[in-house]
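A structural walkthrough
Residue strings, one per chain:
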Amino acid sequence: MFPLLFITVLSVSAEAQNTHSNNFEVVAQSIIQDSVYGSLVSIDKSGYPKSRTVKFSQPNDDFVIWVATKPNTRKVSEINANPKVQFHFIADDYKSYLSIIGKARLHSELETIHQHDFFEPKLRKKLWPDFPKDYVLIRIEPIRVEMLGRKIYPNRVNWKPQHLCLQSNHDVCR
């Protein structure tokens, strides 16, 4: 009797975790969809965080996002020195947010640029007149996704937001 009960509890627990994870991901994607811009946070040479409002590509199911910039910007030099970043979304309802904590990698290969070109041609021409020479992409690989809002509540004691770890063995997820 005990082994059967134990298996049933594990099964329900795994099912509950899977339901939570699926709901978390659906709500997370909805917050991203409702965000027009996001904040990219990188670390400067003095160790201080720097935040910029940027346009981003809509991520696929793995939460990888892309940001376009010029190769001579401060964020590029900061990411070259320290790839640890955070990308923060605030939904239009101003009560929901999502943060992706991860590592950034710079891409200037033509094939990658054309695969992830998410700017309207007119705006791209204005911002990057020498496209693709003056254009670089930042790929943000998520490690941890934190979220609050839309019926996803924080811990009542310490307000720690719920999170999803995409690389569970990483120190950010411990």
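Keep in mind that what you see is a predicted model, and the values were worked out from it rather than measured.

**Regarding the overall build of the protein**
Broken down by element type, the protein carries four helices and seven strands. Walking the protein from its N terminus toward its C terminus, one meets helices and strands in the order α-β-β-β-α-β-β-α-α-β-β. Within the protein, buried positions represent 37% of all 174 residues. Accessible area for the protein stands at about 11,100 Å²; split by element, carbon and sulfur atoms hold 55% of it.

**A few points about the packing of aromatic side chains**
For the coordinates displayed, the defined rule picks out seven aromatic pairs. Judged by centre distance (4.8 Å) and plane angle (55°), the ring pair of Phe-87 and Phe-89 falls under tilted. Residue Phe-87 is classed as buried on the basis of its relative accessible area, which comes to 0%. Overall, Phe-89 belongs to the buried group, its relative accessible area being 0%. Ring plane angle 80° and centroid distance 4.8 Å describe the contact between Phe-131 and Tyr-135, whose orientation is recorded as edge-to-face. In this structure an aromatic cluster arises from ring pairing among Phe-118, Phe-119, Trp-128, Phe-131 and Tyr-135.

**What about the nonpolar core?**
With 25 residues, the main nonpolar core has Phe-87, Phe-89, Leu-98, Ile-100, Ile-140 and Met-147 as its most contacted residues. Contributing elements (two or more residues each) for this core: α1 (2-33), β3 (65-69), β4 (84-90), β5 (97-107) and β6 (136-148). Considering each element in turn, this core owes the most residues, five residues, to α1. Discounting residues that sit within four places of it in the chain, Leu-98 has contacts with Ala-28, Ile-31, Ile-32, Phe-87, His-88, Phe-89, Val-145, Glu-146 and Met-147.

**Things to note about the pattern of salt bridges**
Taken as a whole, this structure holds seven salt bridges when the rule is applied. Arg-139 serves as the salt-bridge partner of Glu-141, at 2.3 Å between the closest nitrogen and oxygen. By relative accessible area, which is 31% here, Glu-141 ends up partly exposed.

**Description of the pairing of β3**
For β3, the buried fraction is high: five of the five residues fall into the buried class. A two-sided burial pattern is seen for β3, the buried positions comprising Ile-65, Val-67 and Thr-69 on one face and Trp-66 and Ala-68 on the other. Of the pairings in the sheet, the one linking β3 to β6 comprises five bridges and is antiparallel in character. Along β6, the bridge assignment pairs Ile-65 with Ile-140.

**Some remarks on the side chain of Glu-78**
Within the fold, Glu-78 resides in helix α2 (residues 74-81). The class of Glu-78 is buried, set by a relative accessible area of 7%. The residues contacting Glu-78, other than those within four sequence positions of it, are Ser-42, Ile-43, Asp-44, Lys-50 and Arg-52.

**So, the confidence of the model for the protein**
Put simply, the protein has an average pLDDT of 85, and 87% of its residues get 70 or more. Low pLDDT, under 50, characterises residues 1-19; the predicted model gives this stretch zero contacts beyond four residues in sequence or across chains.

**Some thoughts on unusual backbone geometry**
That bond from Phe-131 to Pro-132 is cis: its omega, 5°, falls within 30 degrees of zero. For Pro-132, the position within the fold is in the loop between α4 (121-127) and β6. At Phe-63, a position not held by glycine, the phi torsion is positive, near 65°. Structurally, the position occupied by Phe-63 is in the loop between β2 (49-54) and β3. Given a relative accessible area of 1%, Phe-63 falls into the buried group. Here Trp-159, not a glycine, exhibits a phi torsion of approximately 60°, which is positive. Here Trp-159 shows up in the loop between β6 and β7 (162-165). Judged by its relative accessible area of 69%, Trp-159 is exposed.

Criteria and cut-off values
Along every chain, residues carry numbers that run from 1 in the direction the sequence is written. Restriction of local features to residues with pLDDT of at least 70 applies here, the model being predicted, together with a cutoff of 80 or more for giving and counting side-chain atom pairs; totals for whole chains, interfaces and linings are based on all residues. Think of the side-chain values as coming from all heavy atoms in the structure, minus any hydrogens and water. Only DSSP runs of H or I covering at least 4 residues are called helices, and only runs of E covering at least 2 are called strands; the numbering of each starts at the N terminus. Only protein chains enter the calculation, and the probe is 1.4 Å; a residue is then buried if its accessible area is under 20% of its type maximum, exposed if over 50%, and partly exposed in between. Using a 1.4 Å probe, the Shrake-Rupley method yields the accessible areas, and only the shown protein chains count as cover for residues. For this analysis, a ring pair means two rings from Phe, Tyr or Trp (six-membered ring only for Trp) whose centres lie within 6.5 Å, classed as stacked if their planes differ by under 30 degrees, edge-to-face if by over 60, and tilted for the remaining angles. We define a nonpolar core as any set of buried Ala, Val, Leu, Ile, Met, Phe, Trp, Tyr and Cys residues linked to one another through side-chain atoms lying within 4.5 Å. Here a residue-residue contact requires only that any non-hydrogen atoms of the pair lie within 4.5 Å. Each salt bridge in this description consists of a side-chain nitrogen of Lys or Arg and a carboxyl oxygen of Asp or Glu lying within 4 Å of one another. If DSSP finds at least two bridges between two strands, the strands pair. Every residue carries a pLDDT, the predictor's confidence in it, which falls somewhere between 0 and 100.

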